[in-house]
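Okay, here's what each chain looks like letter by letter:
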Amino acid sequence: MKISYMENTFYKIVVYNYLDKFSKIETYLKQKFEEELREVADSEIKNNFILLHLSEEIKVKFGEDIQNSSFHLKKINYKNDLDKIKIKWNLKKRIKFAKKHGLMSNILSEINHLQKRESLSVAKIIEDAIQIRNCLAHETFKIELSPRFELLSDEKLKEMVKEDTGFSSSSNLAELDSNYKHALTYYFYLQEIEKLI
């Protein structure tokens, strides 16, 4: 007889550990992006960022006036000074810009696959991890993760869970559906990325 998710706590531990690990890495990467962007010597990269970031500033200045069927644009003072800009980009945009302009290259390299003899792009792992985080944090019913995401074998996951202090020795992988196995897989990849930072 299969134990329902309401009766089992392992999937909750997977979600908690995943979200906790992702949050720490996201915070670090956002800060690292800002540091490297401010330190970069190439003014063309800085100017490119400022121009692209301006669209975010304009977007938040729009307001609607439903009652009068109109909208308004609040006044914006936008200086060409990176030190005066509060960066509003999410992690995905920061990673895309960093990759294009060679920022955070020591982190956005490659890591070894945990099961095969191949390398994986850190940027791609993070991009997938963002989608998984969004599903786990915002979906409450029928989570559907893409089958294109990396998925370690049950044997490898069992081995890694057993070695990880974030899980109890009584954790039962058989109780997880593939969505939570994907989250568990990416949890372990996030741990590998954490070693780079």
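Higher on the page you've got the structure.
This section reports on the structure supplied with the text. (Residues numbered from 1 in each chain as written. Predicted model: local features only at pLDDT ≥ 70, side-chain atom pairs only at ≥ 80, totals over all residues. Heavy atoms only, no water.)

Next up on the list: the overall build of the chain. What the chain contains, in helices and strands, is six helices and four strands. Looking at the chain residue by residue over its 197 residues, the buried ones come to 40%. For the chain, the computed accessible surface area is about 12300 Å², with 49% contributed by carbon and sulfur atoms. (Helix = DSSP H or I, 4+ residues; strand = E, 2+ residues; numbered from the N terminus. Buried < 20%, exposed > 50% of the residue type's maximum accessible area, 1.4 Å probe, protein only. Areas by Shrake-Rupley, 256 points an atom, 1.4 Å probe, with all protein chains shown as cover.)

It is worth spelling out the packing of helix 1 (residues 10-39) against helix 4 (residues 122-138) at this point. Orientation of helix 1 relative to helix 4, taken along the N-to-C sense of each, is 130°, at an axis distance of 10 Å. By the angle between their directions, the pair helix 1 and helix 4 is classed as oblique. As helix 1 runs across helix 4, the sense of the crossing is left-handed. Two secondary-structure elements touch here, helix 1 through Val-15, Tyr-18, Leu-19, Phe-22, Glu-26 and Leu-29 and helix 4 through Ile-126, Ala-129, Ile-130, Ile-132, Arg-133, Leu-136 and Ala-137. When its residues are assigned to classes, the contact of helix 1 with helix 4 shows eleven nonpolar, no polar and two charged. (Axes fitted to C-alpha atoms, helices over the stretch in contact; angles between N-to-C directions. Parallel < 35°, antiparallel > 145°, perpendicular 65-115°, else oblique. Left-handed = near helix turned anticlockwise from the far one by under 90°. Contact = heavy atoms within 4.5 Å. Nonpolar A, V, L, I, M, F, W, Y, C, P; charged D, E, K, R; others polar.)

Moving on, we come to the nonpolar core. Among the nonpolar cores identified, the biggest contains 57 residues, and Tyr-18, Phe-33, Leu-37, Phe-49, Ile-126, Leu-184 and Phe-188 are the most heavily contacted of them. At the level of secondary structure, the elements contributing two or more residues to this core comprise helix 1, helix 2 (43-61), helix 3 (91-101), helix 4, helix 5 (154-163) and helix 6 (178-196). In this structure, Phe-49 is in contact with Phe-33, Leu-37, Leu-82, Ile-87, Trp-89 and Phe-97, ignoring residues within four places of it in sequence. (Core = buried A, V, L, I, M, F, W, Y, C linked by side-chain atoms within 4.5 Å.)

By the burial criterion, the buried members of helix 5 are Lys-156, Leu-157, Met-160 and Val-161. Buried positions in helix 5, seen along its axis, are confined to an arc of 130° and lie on one side of it. Turned more than 90 degrees from where helix 5 packs its buried face, Glu-155, Lys-158, Lys-162 and Glu-163 sit exposed. Those residues of helix 5 hidden inside the fold are in contact with helix 1 and helix 6. (Arc of directions from axis to C-beta.)

Evaluated as defined, the whole model comprises 14 aromatic pairs. Here Phe-167 and Tyr-187 contribute two aromatic rings whose centre-to-centre distance is 5.5 Å and whose plane-to-plane angle is 85°, an arrangement assigned as edge-to-face. In this pair, Phe-167 sits in the loop between helix 5 and helix 6 while Tyr-187 sits in helix 6, placing the two residues 20 residues apart along the sequence. Looking at Phe-167, the relative accessible area reads 7%, which means it is buried. Following the ring pairs from residue to residue traces out a cluster consisting of Phe-10, Phe-167, Tyr-187 and Phe-188. (Phe/Tyr/Trp six-rings, centres within 6.5 Å; stacked < 30°, edge-to-face > 60°.)

Each pair of packed helices gets described by two things: the angle between the helix axes and the distance between those axes. Two elements in contact, helix 1 and helix 6, have axes whose closest approach is 9 Å; the angle formed by their N-to-C orientations is 35°. The element helix 1 and its partner helix 6 pack so that their crossing is left-handed. Taking contact as the criterion, the partners of Phe-10, Tyr-11, Val-14, Val-15, Asn-17, Tyr-18, Lys-21, Phe-22 and Ile-25 in helix 1 are, on helix 6, Tyr-180, Ala-183, Leu-184, Tyr-186, Tyr-187, Leu-190, Gln-191 and Glu-194. Residues belonging to the contact of helix 1 with helix 6 are distributed by class as follows: 13 nonpolar, two polar and two charged.

A separate point is the pattern of salt bridges. Throughout the structure, instances matching the rule amount to twelve salt bridges. Note that Asp-154 is salt-bridged to Lys-181, the shortest N-O span being 3.1 Å. Of this pair, Asp-154 sits in helix 5 while Lys-181 sits in helix 6, and the two are 27 residues apart along the sequence. The partly exposed category is assigned to Asp-154, whose relative accessible area is 31%. Connected through shared salt-bridge partners, Glu-26, Lys-30 and Arg-133 make up one network. (Salt bridge = Lys/Arg side-chain N within 4 Å of Asp/Glu carboxyl O.)

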